[in-house]
Amino acid sequence: MTRREWLALAGAAAGIRGNAEGWIAPAPTAPVAIARCRSYNEDLAALLSRMFDQLGGLPRLVRNKTVTIKLNLTGSPALRFEGRPLGATHYTHPRTALAMAHLMGQAGARRIRFVESCWATAGPLEEYLLDSGWNVRSLANAAPGVEFENTNALGKGKRYVRFKVPGGGLIFPAYELNEAFDETDVLVSMAKLKNHSTCGVTLSLKNIFGITPASIYGDDAGVSEPNEHPTKGRVEVCHLGKRQPSKAAPGELDPGSSREPGYRMPRITAELAAARPIHIAFIDGVETVAGGEGPWIPGIRYVQPGVLILGLNPVAADAVATAVMGYNPRARRGEAPFVSCDNTLLLAEALGIGSADLTNIEICGLSVTEARFKF
Amino acid sequence: MIFALLLLANAAGWVPARWPSSDPRSLDLLKNTPVNCLLIEHAYWSGALNTRAKQLNVTPLALVRPGDDPAKALAAGFEGLVFEGEFDPAVVSRWKPVAVLSTRTQMGWNTPEPIAGTWQGLFPGIHVERDGAAKAAPTGAPWVDTNSGFLRFARALTEKPIWIANTPPPKTIYRVERYLQAICDAAISGARWVLAFDEDFWARLMRGESAAVRDWQRIVQLLAHFEKHPEWRNLSPAGQFAVVQDASSGALVSGGVLDMVAARHTPVRPVPSSKLTDERLRGAKLAVDIDPSILTEEQKQVLRRFTAAGGTLLSGPPGWKFPSAQAGSITLSKEDVDKLDAIWREMNAMTGRRNLGARLFNVAGMLSNLLVTADGQGRVLHLVNYSGYPVEDITVHFLGKFGKAILYTPEAEPTELKLFPVEEGTGVEIGQLVITGTVVIQP
């Protein structure tokens, strides 16, 4: 373990952070709202609006801003679990996206751009959404200035933009991302309340793992230049470290470090969230899956926790969500849900992104106990 | 003679079922249903059954296997014979069956029987791996086992009614959805599946169990849906993408090129090499010639004119041969499927995201077939859902401007769909599809 990693985990354990220089300070926090929501047919806009109000109101966050909404559309839209709509299992539900766009527009956002690095394609996000059963026309008309971008390659942009990891990084020192992330004033992570087979949980932080373009970080990324027509995932570069990203992006800090996904993925997630900060963390637990992140994970099950979680700090929001799932958000490797991985929340806390300590987090609406649904 | 001619004329309207009973009372199930033709095995041949069938305007046909005596069948009052299995051509010629249900390779495309039929078929549905699950990876759509590629080729080859008469595997119990899918799989390709149920379902149906009767009613409802629109059966394919192949280049195989293209919902028109003409390629923009070596010089000229007029042609690599299925098999081995990669990658690159008639979204676990209406102006898009669950929010982008679209489903009255403009022409949205739906879109 490097000194930087030791500091990260040691600092995380105490609810404090360490940086390369070794100084420590309390990790930031922000309130988190929990609301009961039993069905996507409820008035989601009204519900979300109330939750934003509990957090201090939405207009102050987004008025005249470019809001980028990172969806969670993991895996091919062709893969359904028990034939259910994707939004009821492992994808962002279209009605939550519709409500979010509507509220952002009402709150005065200048531009609302939905983004996702779509599985194994650089085709338009709009078509990927159609393939996922979304009504793109409704979403486009939900507010003025709604746009769509597939961030798996250049998309409609002209260049990639380098985002440096503050403090130097744990796996990579910096990431090359779609230009949309540079044009962002407010980044919203719209996640599902789910387990993850490698990372234990996948919430607003882990959702950000998907901002990496497969053109650079994909299994079929070009060696020197990005492959603008990616057709594969990111397993070899990110999960397993079997190869380096395209030379357009900086390579790993230490190619001799562990290749274990349970080591790499939490670190990549945490440092991505540090490099490209999340301002609004939304976690949909109305209907979802437990036991894994998608239908390709054996043994997953459909569940209806009936909750929505919203926060202005992704680590705090994820800590609350993890607790709602029945886990200790500060659990160490080897303890559920981080059975075979490091705890992303603690790594993010150590990077100074936010506090994973429930005693530091103000919770509005339902209490964790009231909302708890054991995964 | 007149009777024989009438029989032939009626054959196009026959909705056939295998009927494993000699009990005349069993035919009560057929009252007010589209099923009007029964294939009855030797063990169930019965004058009383035939009499009752005729009273119900149902045509009883004797199913004759090698070793059965056709004379006995005719003596029992059957209105015709259906041969199933391998028969000496002289025997066929003597007894003049209405259909010979043979292997796919032996089907009588140009024989005197009014119906072209085969007993060989996959039982349509989502392909399940041997371990009972789909492959665990965040990739790709589930593969659908289907006969539709073969049937679409057959439809392009003959104007005869086509029967696919495969039966459920022994000791298998299917949910009713599989039977519904089998009906649709054939119907969207202009063919009919000869109803044949597993023993468990048949026994429950005969006992009048309410669940089985409900399932039967769904089957009847679905048959009625397709039989209300006989005009759909003989429409021509509408796609701008032509696949030129023949029996020797994989057209009789399930899981071959046509099925692979269909799995991507790329509208495709099968063109039998033996029937390759300028007319068959009219309107096509892309063509794949699976095996150039089997074309005559005249047929090669057709392809040259196609490319000279701006069409894009992809030919199988020199020396490349479509892998042939093993004797008795109608599917390819995994190794042979891998060999298709040579041509499949290029086909994918060629079609890409182009709209070649219609682009469909949110249709995983489904198959479709795009046809041209009889007046040449409209399009008929058949959709079949093999997933076992209703699919919601399907979007279709039709190539070209259209003014009116109607959705036909077995469960509901025809519904007019809202149209909206899209880059390629006209978009429609389908709220929910249970088993099948057909969009008829007109200018």
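Look a little higher up for the structure.
This is a predicted model, so every value here is computed, not measured. (Residues numbered from 1 in each chain as written. Chains lettered and ligands numbered in written order. Predicted model: local features only at pLDDT ≥ 70, side-chain atom pairs only at ≥ 80, totals over all residues. Heavy atoms only, no water.)

Draft legend 1. Quick peek at the interface of chain A and chain B. Contact with chain A, which involves 19 residues of that partner, is made by 21 residues of chain B. Roughly 1,600 Å² is buried in total at the junction of chain A and chain B, and carbon and sulfur atoms are behind 55% of that figure. Considering only the side of chain A, the residues that lose the most area to chain B are Glu127(A), Leu130(A) and Arg137(A), jointly responsible for 30% of the buried surface there. Seen at the junction of chain A and chain B, the total is three salt bridges. In this structure, Glu127(A) engages Arg353(B) in a salt bridge whose closest nitrogen and oxygen atoms are separated by 2.9 Å. Remark: the boundary between chain A and chain B carries six residue pairs in polar contact (both at pLDDT 80 or more). Broken down by element, the residue count for the side of chain A that touches chain B peaks at three residues, all from helix H5 (residues 125-131) of chain A. Counted by class, the side of chain A that touches chain B contains seven nonpolar, seven polar and five charged residues. (Contact = heavy atoms within 4.5 Å. Buried area = accessible area lost by both parts, 1.4 Å probe. Salt bridge = Lys/Arg side-chain N within 4 Å of Asp/Glu carboxyl O. Polar contact = N/O pair within 3.5 Å; in protein donor to acceptor, adjacent residues only side chain to side chain. Helix = DSSP H or I, 4+ residues; strand = E, 2+ residues; numbered from the N terminus. Nonpolar A, V, L, I, M, F, W, Y, C, P; charged D, E, K, R; others polar.)

Draft legend 2. Structural detail: the sheet that holds strand S11 (residues 236-237) of chain B. Residues and elements named next belong to chain B. Overall, antiparallel pairing links the six strands, which are arranged S11-S17-S18-S24-S20-S21 in an open sheet. Looking at the sheet topology across the chains shown, the edges are occupied by S11 and strand S21 (415-417). Looking at chain direction, strand S20 (residues 404-408) and strand S24 (residues 436-442) are connected through five bridges and run antiparallel. Within S24, the position partnered with Leu407 by the bridge is Val439. (Pairing = 2+ DSSP bridges.)

Draft legend 3. A look at the pairing of strand S3 (residues 32-36) of chain A. Residues and elements named next belong to chain A. S3 sits mainly inside the fold: four of its five residues count as buried. When S3 meets strand S16 (residues 363-365), the two strands line up parallel, connected through three bridges. Following the sheet pairing, Ile34 is matched in S16 by Gly365. (Buried < 20%, exposed > 50% of the residue type's maximum accessible area, 1.4 Å probe, protein only.)

Draft legend 4. Up close: the packing of helix H6 (residues 176-187) of chain B against helix H8 (residues 210-227) of chain B. Residue and element names in this part refer to chain B. Where H6 contacts H8, the two axes come as close as 10 Å, and the packing angle between them is 10°. Between H6 and H8, the crossing angle belongs to the class labelled roughly parallel. For the element pair H6 and H8, the recorded crossing hand is right-handed. Here Val176, Glu177, Tyr179, Leu180, Ile183, Cys184 and Ala187 of H6 lie close against H8, whose contacting residues are Asp215, Arg218, Ile219, Leu222, Leu223 and Phe226. In terms of residue class, the contact of H6 with H8 is made up of 10 nonpolar, no polar and three charged. (Axes fitted to C-alpha atoms, helices over the stretch in contact; angles between N-to-C directions. Parallel < 35°, antiparallel > 145°, perpendicular 65-115°, else oblique. Left-handed = near helix turned anticlockwise from the far one by under 90°.)

Draft legend 5. Inspection of empty space enclosed by the protein at higher detail. Residue and element names in this part refer to chain B. For the structure on display, the rule yields six cavities of 30 Å³ or more. A volume near 100 Å³ is recorded for the largest cavity. Around the largest cavity sit Val15, Pro16, Ile183, Ala187, Ala191, Arg192, Trp193, Leu195, Leu223, Phe226, Glu227 and Arg233, which together line it. Those elements that provide at least two residues to the lining of the largest cavity are H6, strand S10 (192-193) and H8. With three residues, H8 is the largest single contributor of residues to the lining of the largest cavity. Here the lining of the largest cavity is built from residues that sort into nine nonpolar, no polar and three charged. The volume enclosed by the second largest cavity comes to roughly 60 Å³. Lining the second largest cavity, in full, are Arg152, Ala262, His265, Thr266, Pro267, Ala358, Leu360, Ser368, Asn369, Leu370 and Leu381. (1 Å grid on protein atoms, 1.4 Å probe; cavity = no way out; pocket = protein on both sides within 12 Å on 5 of 7 lines; lining within 4 Å. Points joined across faces, edges and corners; volume = space filled by probe spheres on them.)

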